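# Breakdown of the fold
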Amino acid sequence: MRISNCSFVAFFSLVATCVCAGAQQAQAPKAVEDATDPGRIEGLFLLNEHLSPFNINTTTSKGVVTLTGSVADDIQKDLAGDLARSVEGVKDVVNNITVVGTVVSERPQRTWREKVDDSSLTATIRTRLLYNK
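As the structure is a prediction and not an experimental result, all values here were calculated from the model.

### What about the overall build of the protein?
- Scanning the protein for helices and strands turns up four helices and three strands.
- Secondary structure elements of the protein, listed N to C terminal, follow the sequence α-α-β-β-α-β-α.
- Taken over 133 residues, the protein has a buried fraction of 17%.
- Taking contacts inside the protein between residues at least 6 apart in sequence as the whole, the part at least 24 apart equals 61%.
- Looking at the protein as shown, the accessible area adds up to about 10,400 Å², and 58% of this sits on carbon and sulfur atoms.

This is the structure:
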C-alpha cells in the first residue's frame, strides 16, 4: 500500500495539532475554560430527551452559570439547573429560565407503556436513594 506525500503531511499535521492543543490546554486561561462550560452544559441538554437545548441559553462567568430561556414546566427548569450543576468547574447556577407551560389538551397523551416505564424508573430511583443515604 502506497501513501502519498500529501496524505502523510496531512496526517502528520493533524497529529502535531492534537499534541500541541493538548499541551496548551493545561495552560489555558480561565476565560477559555469559561467559554467551554456552556458547550458542555448545552451538550448535556442536547443528550437529554426531556429538554430542548434550542430553548435554553447558557452563559458562564468565573464558574457561575446563568440559564435563560423557556421550558414547559417546573420539572424541566429544575432538571436544567441540576444538569448545569453537575458539570465539573461550575460553582453556582443562576436559573432564570421561564416556565411557559402548555395547555393540557396540547400535551401528548402518555401510553400505557410510558406510564409503566415511568413507574419502574421511579421505583428504581427511590430504592437506590433508600439504600444510599
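What follows picks up the thread again.
### Remarks on a nonpolar patch on the surface
- On the surface, Leu 121, Ile 125 and Leu 129 cluster together into a nonpolar patch covering about 300 Å² of accessible area.
- With respect to the element layout, Ile 125 can be found in helix α4 (residues 112-131).

### Description of the nonpolar core
- By size, the foremost hydrophobic cluster in this structure holds 14 residues, and its most contacted members are Ile 41, Phe 45, Ile 56, Val 65, Leu 67 and Ala 80.
- The set of elements that each furnish at least two residues to this core consists of α2 (30-47), β2 (64-71), α3 (74-85) and β3 (92-99).

### Thoughts on the sheet that holds β2
- In spatial order, the strands read β1-β2-β3; together these three strands make up an open sheet with mixed pairing. At either margin of the open sheet sits one strand with a lone partner, and together these are β1 (56-61) and β3. Strand after strand, the sheet turns through a mean of 10 degrees between neighbouring axes, direction not considered.
- Most of the contacts of α3 go to β3, to which it runs at about 160 degrees, and overall it touches β1, β2 and β3.

The rules we used
- Residues numbered from 1 in each chain as written.
- Predicted model: local features only at pLDDT ≥ 70, side-chain atom pairs only at ≥ 80, totals over all residues.
- Heavy atoms only, no water.
- Helix = DSSP H or I, 4+ residues; strand = E, 2+ residues; numbered from the N terminus.
- Buried < 20%, exposed > 50% of the residue type's maximum accessible area, 1.4 Å probe, protein only.
- Contact = heavy atoms within 4.5 Å.
- Areas by Shrake-Rupley, 256 points an atom, 1.4 Å probe, with all protein chains shown as cover.
- Patch = residues over 30% accessible without salt bridge, like charges linked within 9 Å, V, L, I, M, F, W, Y side chains within 5 Å.
- Salt bridge = Lys/Arg side-chain N within 4 Å of Asp/Glu carboxyl O.
- Core = buried A, V, L, I, M, F, W, Y, C linked by side-chain atoms within 4.5 Å.
- Pairing = 2+ DSSP bridges.
- Axes fitted to C-alpha atoms, helices over the stretch in contact; angles between N-to-C directions.

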